[in-house]
Amino acid sequence: MKKLMDLVTVTGELVKNGIEEFEHEGVEKIGGILVLRTADDSEHEINFSSPKYKKDENKNFTSEESYFYKKYLDAMNNLKDLEHCKEGEKPDIISITDGSFSVNDFKGNDGNVVSTNKVYAKFINKVEPKDYDSSVLEAKFEVEGVIESISDEMTKNGLTGNLIVVMDAIRQNQKDFKDSNSYEVDSFIPIRMTVDKSMADAFRSAGYYEGGFAKFVGTVINTVSYEEVTEKAAFGTDIVKKVKKTVKKNLIKSGTAVSTVFEHELTQDIIDTLKSKRKAKLAEIKAGKSSSQTAEGFQKNTSTPAPQITYNPFAQ
């Protein structure tokens, strides 16, 4: 099947260079995060990971250093972040053009599973100073998948007028890297998105429904601000506190016409299996039998292609 869209692009000032070498389960690796700040003061964590050495045709590690190890090592040693800028210096501007959402599942303190999204990428593009003025510092997404739910946003202060859309994007593995139509489904990636109240009526009138297939385009927002809250005192001066306010959301700006899953090389059997696989994964995490899906999915997606499948790729 063709590749389904799961794309996140970010261009921003490098706030933190968190790439480092480490060892995981006996394998030497390099990876970590770059934190990029966009024009709206959002700060976005982009994750990277690569083994140090290449694998041979039998999937055994060789003594030859991998391409991405060399690239990330150069980034670790040479990219200038805000934390290490001297007075008068400016941090590097980095552009990520191949990011994608991944799901991060973990067991919360209350025993329930918490699911969030992380962004992973492979390539790190340093913007040249001559291109600074023409670079737009922004974070955008373009994803397609199955609409899991549409609901009104509710906060402790009541309804906001916004809509919350949860879309199940589909992680894929590419069987033949020379064939752009050799992708195979692997798992659901739930992505929580917001429709601003100013566009809620237009969204509803477009006819989106749970179970329908669509593509949404928008901006990624992750800002932190502080506001003063005054508590009236019974005597003396009023009590003034600074309250931290975090706004983190994927804001939908537009979307394609809704269609059925059957128009995208998917079947009801595949959809049902993806749902069952996702449900089983969450049950394992809640029972303490499994770790975060993000790390597992990312490693699988960047190592070996999926085996040949015939009918149900998730039967086992």
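It should be emphasised that the depicted structure is a prediction, and the values quoted were computed from it without experimental measurement.

Thresholds, definitions, all that
- Residues numbered from 1 in each chain as written.
- Predicted model: local features only at pLDDT ≥ 70, side-chain atom pairs only at ≥ 80, totals over all residues.
- Heavy atoms only, no water.
- Helix = DSSP H or I, 4+ residues; strand = E, 2+ residues; numbered from the N terminus.
- Expected span 1.5 Å × (residues − 1).
- Buried < 20%, exposed > 50% of the residue type's maximum accessible area, 1.4 Å probe, protein only.
- Arc of directions from axis to C-beta.
- Pairing = 2+ DSSP bridges.
- Core = buried A, V, L, I, M, F, W, Y, C linked by side-chain atoms within 4.5 Å.
- Salt bridge = Lys/Arg side-chain N within 4 Å of Asp/Glu carboxyl O.
- Polar contact = N/O pair within 3.5 Å; in protein donor to acceptor, adjacent residues only side chain to side chain.
- Contact = heavy atoms within 4.5 Å.
- Phe/Tyr/Trp six-rings, centres within 6.5 Å; stacked < 30°, edge-to-face > 60°.

Caption draft 1: Highlighting helix α3 (residues 268-286). The first and last C-alpha atoms of α3 sit 27 Å apart over 19 residues, in line with the 27 Å expected at 1.5 Å per residue. Where α3 is concerned, the buried positions are Ile270, Ile271, Thr273, Leu274, Arg278, Lys281 and Ile285. Summarising the axial view, the buried residues of α3 lie within an arc of 165 degrees, below the 170-degree limit, and thus occupy one face. With its phi angle positive at about 75 degrees, Gly288 sits one or two positions after the end of α3.

Caption draft 2: Broad picture of the pairing of strand β11 (residues 183-195). Of all the 13 residues making up β11, twelve are buried; the element is thus mostly covered by neighbouring parts of the structure. Relative to β11, strand β10 (residues 158-174) is paired through twelve bridges, and the arrangement is antiparallel. Across the sheet, the residue bridging to Arg171 is Ser187, located in β11.

Caption draft 3: Spotlight on the nonpolar core. With 38 residues, the main nonpolar core has Ile46, Phe48, Phe101, Phe141, Met193 and Phe216 as its most contacted residues. Counting 13 residues, the second largest nonpolar core, distinct from the first, contains Met1, Leu4, Phe188 and Val261.

Caption draft 4: Just unusual backbone geometry, in detail. The backbone phi angle of Lys59 is positive, close to 65 degrees, even though this residue is not glycine. Tracing the backbone shows Lys59 in the loop between β4 (53-55) and β5 (61-65). You can call Lys59 partly exposed: its relative accessible area is 44%. The backbone phi angle of Glu265 is positive, close to 60 degrees, even though this residue is not glycine. If you trace the backbone, Glu265 turns up in the loop between β13 (239-255) and α3.

Caption draft 5: Inspection of the pattern of salt bridges at higher detail. Scanning all chains against the criterion turns up eleven salt bridges. In this structure, Lys126 engages Asp92 in a salt bridge whose closest nitrogen and oxygen atoms are separated by 3.9 Å. Separated by 34 residues along the polypeptide, Lys126 in strand β8 (residues 125-126) and Asp92 in the loop between α1 (67-78) and β6 (93-107) bring together distant segments of the chain. Residue Arg278 is joined to Asp105 by a salt bridge in which the shortest nitrogen-to-oxygen separation is 2.7 Å. With Arg278 in helix α3 and Asp105 in strand β6, this residue pair connects regions lying 173 residues apart in the sequence. Relative accessible area serves as the criterion here: at 0%, Asp105 is assigned to the buried category. A cluster of three or more residues bridged by salt bridges with shared partners is formed by Asp152, Asp201 and Arg204.

Caption draft 6: Quick look at the side chain of Asn250. Inspection of the secondary structure puts Asn250 in strand β13. Within the local environment of Asn250, its side chain forms a polar contact with the backbone oxygen of Arg192, the two atoms lying 3.0 Å apart. When residues no more than four places from it in sequence are discounted, the contact partners of Asn250 are Phe101, Phe141, Ile191, Arg192, Met193, Thr194, Thr219 and Val220.

Caption draft 7: Looking closely at the packing of aromatic side chains. Under the counting rule described, the total for this entry stands at eight aromatic pairs. Relative to Phe68, the ring of Tyr67 lies with its centre 5.1 Å away and its plane at 85 degrees, an arrangement referred to as edge-to-face. The partly exposed category is assigned to Tyr67, whose relative accessible area is 44%. Through successive ring pairs, a cluster of aromatic residues spans Phe48, Tyr67, Phe68, Tyr72 and Phe123.

Caption draft 8: Inspection of the pairing of strand β7 (residues 113-120) at higher detail. Looking at chain direction, strand β3 (residues 43-51) and β7 are connected through two bridges and run parallel. Residue pairing for β7: Ile46 is matched across the bridge by Val119. Alignment of β6 against β7, held across eight bridges, turns out to be antiparallel. Among the inter-strand pairings, Val103 is bridged to a residue of β7, identified as Asn117. Between β6 and β7, which follow one another and run antiparallel, lie five residues, and Gly111 among them has a positive phi close to 90 degrees.

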